[in-house]
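Coordinate analysis (summary)
Letter by letter, the chains look like this.
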Amino acid sequence: MGLEEYKGVYVFAQQVDNELSSIAFELIGKGKELAEKLGTDVTAVLLGSNVGSLTDELGAYGADKVIVVDSPLLETYRTEPYAQALTAVINTYKPEIMLVGATAIGRDLGPTVSARVATGLTADCTVLEIGDFPLNPIPGKEDQQKHNQLLMTRPAFGGNTIATIACPNNRPQMATVRPGVMQKLPKDPSHKAEVINFDAGLVENNRYVEILEVVKAVGNVENIMDAKVLVSGGRGVGSEEGFEQLKELASCFKGGMVSCSRAVVENGWLAQDYQVGQTGKTVRPNIYFAIGISGAIQHVAGMEESDLIIAINKDEDAPIFDVADYGLVGDWKKIVPQLTAALKAEN
């Protein structure tokens, strides 16, 4: 079958314990944008057990169709049954594009499925676009440039460069996408998706692992991706004790939290759950304070989409000022207490 037979943008709608993950809605939002350029629609692929009630929510966030594979074998994520199910969907419906979240589940499922359907996969993408490949036509070979390709951009070499990758000769074009990077559409309960129930023909084999027990850890770490205001500290904060002042500033805002750069985690001042950047989390708060953060590309990639960025650094040449909306040059130990006191006085 030729590549032209592959149509549509498909997204893996991850759910855990019959609750859809936010990445499912983010992928639908980006999928709608890609589908519009290709003149096609967006289909969410929902795998699980007794998950039919989740289809309305997928439709409300923009899915045109939802393919449901419902089986007791899919109740809890395991690589083999989920890979069998998604592979069967791809082989039957032949999507042009298949997007999967770069979550713990997606990073396991995506490569497994791409190998089974004999296509490539670009991991941990931060930008997805429809365009030409090669990006610039080769002189004398302009007719070989392919159009309407999925251009998948991701950090490479530790974030020191950005690579744009295409898969022009195989289908589907597959990518895993970092959570928090793409934006979900506003919820519209009136938008309904066409629901397709699909029998994937799951067959148990010796690659099916047996789950003996599921132990759910009780976490008490706030999710910085939910914060409206982030007060983020870097190496320049100097110590774990310094973050107490940053926490006090964050407490002045409803929905305020503390976050950090990679250097802080490496020094053991905060846990990795609070790290922003290419090896941490991608955030989009209303206000982002960058305090004592130099502004390395690896960190900036995780916070540059914040609505308002305020940088405080004693080095007036720090790269963070290039992305900041407001910059304060000086000693954070003097600036932050004054700012905190002013905010408390206002409240």
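Residues numbered from 1 in each chain as written. Predicted model: local features only at pLDDT ≥ 70, side-chain atom pairs only at ≥ 80, totals over all residues. Heavy atoms only, no water.

Read from one edge to the other, the open sheet built from seven strands follows the order S7-S11-S6-S1-S4-S5-S12, with strand pairing classed as parallel. Looking at the sheet topology across the chains shown, the edges are occupied by strand S7 (121-125) and strand S12 (194-197). Each neighbouring strand pair of the sheet contributes to a mean axis angle of 20°, computed without reference to strand direction. Here three bridges tie S7 to strand S11 (residues 173-177), and the two strands are oriented parallel to one another. Note that in S11 the partner of Cys125 across the bridge is Val177. (Pairing = 2+ DSSP bridges. Helix = DSSP H or I, 4+ residues; strand = E, 2+ residues; numbered from the N terminus. Axes fitted to C-alpha atoms, helices over the stretch in contact; angles between N-to-C directions.)

Time to look at the pattern of salt bridges. Applying the stated criterion to the full structure yields 11 salt bridges. Across the salt bridge formed by Glu80 and Arg116, the nearest N and O atoms sit 2.7 Å from each other. Placement of Glu80 in helix H3 (residues 79-93) and of Arg116 in helix H4 (residues 104-116) is noted, with a sequence separation of 36 residues between them. A relative accessible area of 4% places Glu80 in the buried class. With a relative accessible area of 35%, Arg116 lands in the partly exposed category. (Salt bridge = Lys/Arg side-chain N within 4 Å of Asp/Glu carboxyl O. Buried < 20%, exposed > 50% of the residue type's maximum accessible area, 1.4 Å probe, protein only.)

Here we come to the sheet that holds strand S16 (residues 308-313). Strand order in the open sheet made by the five strands is S14-S13-S15-S16-S17, with parallel pairing throughout. Strands at the two margins of the open sheet, each flanked by one partner only, are strand S14 (256-260) and strand S17 (326-329). For this sheet, the mean inter-axis angle between neighbouring strands, taken without regard to orientation, is 15°. Pairing analysis gives five bridges linking strand S13 (residues 229-233) to S14, with the strands arranged parallel. The partner of Gly233 across the bridge, within S14, is Cys260. The strands that helix H5 (residues 242-250) touches are S13, S14 and strand S15 (287-291); relative to S14, the one it contacts most, it runs at about 145°. (Contact = heavy atoms within 4.5 Å.)

Moving on, we get to the confidence of the model for the protein. In this model, the protein carries an average pLDDT of 90, and 97% of its residues clear a pLDDT of 70 or more. Within the protein, strand S1 (residues 9-12) carries the highest mean pLDDT (97), whereas strand S10 (residues 161-165) carries the lowest (82). (pLDDT = per-residue confidence, 0-100.)

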